[in-house]
Amino acid sequence: MGLREYVIRRVFQLILTLWTLVTLLFILFRMVPGDPTSRFVMDYPSDAERQARIEELGLNEPLYIQYIEYMGQLLQGEFGDSAHYRQPVSEIIFPLFLNTIVLMFTALIIAYTVGILFGAAMGWFRGSRFERVGIIATLVARASPEFWIGIILVWIFVFQLGLFPRSGIGGYGGELTMNFVDRYINFDFLRHLILPALTGAIVYLATPALLMRNTMLEVLKADFVEIKQAEGLPERTVLYKHAARNSILPLVTVAAIATGAAMGGSVIIETVFNWPGVGREMVASVSRNDYPVAMAAFLLMGTSVIVMNFVADILYLYLDPRVKYE
Amino acid sequence: MTLLTIDGLQMYYRSDDGYVRAADDINLELESGQTLGLVGESGSGKTTIARSIIRLLPDNAEVIDGSIDFDGTEVTDLSDRELRKQIRWREVSMIPQNAMNGFDPVYTVGQQIVQAIRYHEKETSKREARDRARDLFDELGIEPDRIDDYPHQFSGGMAQRAMIALALCLEPRLILADEPTTALDVVIQDRILQTIKRMQAEIDSAMILITHDISVVSETADRIAVCYGGRIVEQADSATIIKNPRHPYTLGLRNAFPDIGDEDDDLISIPGTPPELVDPGEGCRFAPRCPFAEEECWEETPKPEEYGDGHIVRCHRADEADLLREQATEKATWDGMRDKVRQSISRGED
Ligand SMILES: Nc1ncnc2c1ncn2[C@@H]1O[C@H](COP(=O)(O)OP(=O)(O)OP(=O)(O)O)[C@@H](O)[C@H]1O
Ligand SMILES: [Mg+2]
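Each value, and the rule that gives it
- Residues numbered from 1 in each chain as written.
- Chains lettered and ligands numbered in written order.
- Predicted model: local features only at pLDDT ≥ 70, side-chain atom pairs only at ≥ 80, totals over all residues.
- Heavy atoms only, no water.
- Helix = DSSP H or I, 4+ residues; strand = E, 2+ residues; numbered from the N terminus.
- Rg over C-alpha atoms; globule rule 2.2 N^0.38 Å.
- Buried < 20%, exposed > 50% of the residue type's maximum accessible area, 1.4 Å probe, protein only.
- Contact = heavy atoms within 4.5 Å.
- Areas by Shrake-Rupley, 256 points an atom, 1.4 Å probe, with all protein chains shown as cover.
- Lys, Arg positive; Asp, Glu negative; His and termini not counted.
- Charge placed at Lys NZ, Arg CZ, Asp CG, Glu CD.
- Pairing = 2+ DSSP bridges.
- Axes fitted to C-alpha atoms, helices over the stretch in contact; angles between N-to-C directions.
- Phe/Tyr/Trp six-rings, centres within 6.5 Å; stacked < 30°, edge-to-face > 60°.
- Buried area = accessible area lost by both parts, 1.4 Å probe.
- Salt bridge = Lys/Arg side-chain N within 4 Å of Asp/Glu carboxyl O.
- Polar contact = N/O pair within 3.5 Å; in protein donor to acceptor, adjacent residues only side chain to side chain.
- Near = heavy atom within 4 Å.
- Nonpolar A, V, L, I, M, F, W, Y, C, P; charged D, E, K, R; others polar.
- Parallel < 35°, antiparallel > 145°, perpendicular 65-115°, else oblique.
- Left-handed = near helix turned anticlockwise from the far one by under 90°.
- Patch = residues over 30% accessible without salt bridge, like charges linked within 9 Å, V, L, I, M, F, W, Y side chains within 5 Å.
- Core = buried A, V, L, I, M, F, W, Y, C linked by side-chain atoms within 4.5 Å.
- Disulfide = S-S within 2.5 Å.
- Domains from an automatic or database assignment.

1. Quick word on the overall build of chain B
On a plain count of helices and strands, chain B comes out with 13 helices and 12 strands. Here the C-alpha atoms of chain B give a radius of gyration of 21 Å, agreeing with the 20 Å that 2.2 N^0.38 yields for 350 residues. Projected onto its principal axes, the C-alpha positions of chain B cover 65 × 45 × 45 Å. Residue burial in chain B is summarised as follows: out of 350 residues, 53% are buried. Of all intrachain contacts in chain B linking residues separated by at least 6 positions in sequence, the fraction that spans at least 24 positions is 67%. Here chain B has roughly 15,200 Å² of accessible surface; of this, 44% comes from carbon and sulfur atoms. Treating the 39 positive side-chain charges of chain B as one cloud and the 68 negative ones as another, the clouds have centres 6 Å apart.

The following block contains the structure:
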């Protein structure tokens, strides 16, 4: 099978998986008790008013009609209207999603860059004190709760050193209205980004570092590592260009999946730093019974995972010439 | 001209039980352009000896004593950096047992050859390096365009040829070939070996050829050194090792590969197992398996003695070689040993 057919087939599978995800989410959200009107009893003094609201939201229709309508909306890139904000969900969720992506991407890039280099070095210097201390430090970072790391960073960098702002993403609270460039490309945003991104980076660092170390230990047994040393190449070249380069393959999948999962946002990091992202919104919307928003949040998260898995497969083709598309 | 002189080398591995005496008092000389065959059973220290020359050894390896002189340079005194820049690959390259695993799977073979050339010859352009790789492929009987293939796209024999190209790309003065054909199909083993010989002659480099199989080196090597239990028990020019060996272990090895023995076609194996290399104690390490061992052999380590023209033997009874040679061709001699070994094993279990 050629590369092309392989990619086409994977795209087809991708679509099928996404469709399954949407359907499952739809069913799940109709199964949970309560509806957007049941929470704010006070807002709907009379049953009639409440009924009117339910009809307005289309919740009185038979399930299959709702399903078809929902799917139809999705195909147009719409998630319906938020019961809470009384606005189209897409207008709320996409800017939040973008905030999350920017934060998590930054955190992951730091975590994977540092983690890979550090893990590779730990594997290379196996049995040394450097490796032992490194493993302990990594495990401590991994075992630490996100909020704890966040609070410590805030304490040091905000309250003691006064280097960074405490929370938010900068601007004047009007984050959602500003356009992309104005919102992200400025020094103030960068200052707001550093602490939450660093928190995420510390939390995410352990997986690539430890995995990298383990695969390095395997790869280092391979004959070619010895040959490269016999060739007289500098240790740095053998370590990073050859051994680490080979060890990175299994990490591609993990990184892609981690990215997918992280795009759902970290509820805790976003809460600690008051970051207007999709994770924070997901929790808020669930507690408000605001289905359309919650569904959209879950859907974005699931889609990220699925799409990133797809990306991992395709990346693998390029990184490992031995992979046959089957 | 003498290219390599190893003098009194002791290369041990640290282990929890103490030193593993993998290379013990090794003395070797190699003329430039010549081939030295290093034979011996598994675990006898062949790889350890060869790799000591380029210090390509695990972390727990330790040079206890001795010197390695490569063309006037004391290799054991070089810093890691000097060793990498001056000796490794530029002067001494190697061909591993399994070429398929000797290439990094994520780069093309050509990229890897070009990298080796350009690291040591900064002035060589990428284009020139590629051309050299193509020429080498051509000479080795591989389609030159295949330098752009990945290692897994090669068959075993072809990967081994590509490995030879890598080993020769800097025209080193010494090639360490550690069982270069063992991983291959029997049918092509000989052809690969001939190819190595031909290329070696062309660039006039010396070679240390490691093998279990004494018949392989009997045709290929100028000199043969026989390893047993971390020591070189006998060395001489190939003809002497084949025709007039003096050490009982060499005699036994010859029997085990009957196609080089002259009249007797019986395959006689040497009973017993290789010696323990941690705390082996005094005495000849072959004594427990030697049908000719006497009191002295158990108590005192035999020193290397020369028996004319570079024929060096470590055996207390090397003087009686004619007698031993005759008895060694008899199956009964070794069978008697088999019983003794069995007895000593069962005694040990009591
Ligand atoms: N890293 C190590 N640590 C401890 N002992 C080792 C190590 N490497 C090798 N040895 C021991 O040193 C001895 C010599 O090993 P070496 O690999 O040189 O033998 P060899 O003759 O090349 O054997 P083979 O034919 O199996 O390749 C063996 O007894 C082996 O068990
Ligand atoms: Mg070996």
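2. Considering the sheet that holds strand 2 (residues 20-31) of chain B
Strands pair in a sheet through their backbones, by hydrogen bonds, and they do so in one of two ways: parallel or antiparallel. All names here are of chain B. Reading across the sheet, the 4 strands line up as 2-1-4-5 and stay open at both edges, with antiparallel pairing between neighbours. The open sheet has two free edges, formed respectively by strand 2 and strand 5 (73-74), since each of these has just one partner strand. By the bridge criterion, 2 bridges tie strand 4 (residues 61-70) to strand 5 in an arrangement that is antiparallel. Residue phenylalanine 70 lies in a different strand from strand 5, and its bridge partner there is threonine 73.

3. Quick notes on the environment of B:Ile196
Residue and element names in this part refer to chain B. Residue placement: isoleucine 196 occurs in helix 7 (residues 186-203). You can call isoleucine 196 buried: its relative accessible area is 2%. Residues contacting isoleucine 196, with those up to four places away along its chain left out, are Ile95, Ile164, Pro180 and Met207.

4. Focus: the sheet that holds strand 9 (residues 223-228) of chain B
All names here are of chain B. Taken together, 8 strands build an open sheet; the order of strands is 6-7-8-3-9-10-12-11 and the sheet is mixed. Of all the strands in the sheet, just strand 6 (92-95) and strand 11 (305-306) have a single pairing partner and so form its edges. Pairing of strand 9 with strand 10 (residues 231-237), which is carried by 6 bridges, proceeds in the antiparallel orientation. Bridging across to strand 10, isoleucine 224 finds its partner in alanine 236. Across the sheet, helix 10 (residues 248-256) lies against strand 3 (35-39), strand 9 and strand 10, angled at about 105° from strand 9, the strand it touches most.

5. Quick word on unusual backbone geometry
Of note, the phi angle at A:Asn289 is positive, near 55°, even though the residue is not glycine. Inspection of the secondary structure assignment puts A:Asn289 in the loop between helix 13 (278-287) and helix 14 (291-319). By relative accessible area, which is 18% here, A:Asn289 ends up buried. One non-glycine residue with positive phi stands out, namely B:Asp309, at about 45°.

6. Details of the packing of aromatic side chains
Residues and elements named next belong to chain A. Applying the stated criterion to the full structure yields 14 aromatic pairs over all chains. Here the aromatic rings of phenylalanine 79 and phenylalanine 94 are separated by 5.8 Å at their centres, their planes lie at 50°, and the arrangement is tilted. One end of the pair, phenylalanine 79, is in the loop between helix 4 (63-75) and helix 5 (89-124); the other, phenylalanine 94, is in helix 5, and 15 residues separate them in sequence. The exposure class of phenylalanine 79 is buried, given its relative accessible area of 7%.

7. Concerning the interface of chain B and chain A
Between chain B and chain A, the contact holds 25 residues from the first and 20 residues from the second. For the pairing of chain B and chain A, the buried interface totals around 2,100 Å² over both sides, and the portion due to carbon and sulfur atoms is 58%. Sorting the residues of chain B by area buried against chain A places B:Val106, B:Tyr107 and B:Gln115 first, and these three jointly supply 26% of that buried surface. Counting across the chain B and chain A interface gives 1 salt bridge. Close ionic contact of B:Arg51 with A:Glu226 constitutes a salt bridge, the shortest N to O distance being 2.7 Å. Put simply, chain B and chain A have 11 residue pairs in polar contact (both at pLDDT 80 or more) between them. Elements with a contribution of two residues or more to the side of chain B that touches chain A: helix 1 (46-54), helix 3 (99-102), helix 4 (109-120) and helix 6 (156-168) of chain B. Of the residues forming the side of chain B that touches chain A, the biggest block, 5 residues, is contributed by helix 4 of chain B.

8. Quick notes on the site of ligand 1
Residues and elements named next belong to chain B. The environment of ligand 1 is made up of 16 residues, and the closest members are Ser42, Gly43, Lys46, Thr47 and Thr48. Taking serine 44, its main chain carries an N or O atom lying 3.2 Å from an oxygen atom of ligand 1. Here ligand 1 has 630 Å² of accessible area as a free molecule, and 68% of this is covered by the chains. The leading source of residues in the shell around ligand 1 is helix 1, at 3 residues. Split into classes, the residues belonging to the shell around ligand 1 amount to 5 nonpolar, 8 polar and 3 charged.

9. Overview of the packing of helix 11 (residues 235-262) of chain A against helix 14 of chain A
Residues and elements named next belong to chain A. One way to put it is that helix 11 packs onto helix 14 with a least axis distance of 6 Å and a crossing angle of 165°. Considering the angle they form, helix 11 stands roughly antiparallel to helix 14. The handedness of the crossing between helix 11 and helix 14 is right-handed. The segment helix 11 lies against helix 14, with Arg245, Leu249, Pro250, Val252, Thr253, Ala256, Ile257, Thr259, Gly260 and Ala261 engaging Met301, Ser304, Val305, Met308, Asn309, Ala312, Leu315, Tyr316 and Leu319.

10. A look at a nonpolar patch on the surface
Together, A:Phe147, A:Trp148, A:Ile151, A:Ile152 and A:Ile268 give the surface a local cluster of nonpolar side chains, amounting to about 450 Å² of exposed area. Structurally, the position occupied by A:Phe147 is in helix 7 (residues 146-160).

11. Description of the nonpolar core
B:Trp89, B:Leu174 and B:Ile208 are the most contacted members of the largest nonpolar core, which totals 100 residues. It is helix 6 of chain B that provides the largest number of residues to this core, a total of 8 residues. Counting 74 residues, the second-largest nonpolar core is a separate cluster that includes A:Phe26, A:Tyr70, A:Tyr291 and A:Val293.

12. Quick word on the state of the cysteines
All names here are of chain B. Counted under the stated rule, the structure contains 0 disulfides over all chains. Between cysteine 284, a free cysteine, and cysteine 297, which holds the nearest cysteine sulfur, the sulfur-to-sulfur gap is 6.2 Å. Overall, cysteine 284 belongs to the buried group, its relative accessible area being 16%. The cysteine cysteine 315 is free of any disulfide, with cysteine 297 supplying the nearest cysteine sulfur at 6.1 Å. Its relative accessible area of 11% is what places cysteine 315 among the buried residues.

13. Things to note about the pairing of strand 3 of chain B
Residue and element names in this part refer to chain B. Of all 5 residues that make up strand 3, 5 are buried, and the element is covered over most of its length. In strand 3, alternate side chains face the same way, and those of Thr35, Gly37 and Val39 on one face and Leu36 and Leu38 on the other are all buried. Pairing of strand 3 with strand 8 (residues 206-211), which is carried by 5 bridges, proceeds in the parallel orientation. Each residue of the ladder has a partner; that of threonine 35, found in strand 8, is methionine 207. In this structure, strand 3 lies alongside strand 9, joined through 4 bridges in parallel fashion.

14. Describing the domain arrangement of chain A
Residues and elements named next belong to chain A. The assigned domain composition of chain A is domain 1 (3-75) and domain 2 (90-216 + 247-319). At the junction of the two partners, domain 1 supplies 24 residues and domain 2 supplies 18 residues. Across the interface of domain 1 and domain 2, roughly 1,900 Å² is buried in total on both sides, 76% from carbon and sulfur atoms. Contact with domain 2 buries surface across domain 1, with Arg10, Leu14 and Phe29 losing the most and accounting together for 28% of the total. At the surface where domain 1 touches domain 2, the tally comes to 1 salt bridge. Across the salt bridge formed by aspartate 313 and arginine 10, the nearest N and O atoms sit 2.5 Å from each other.

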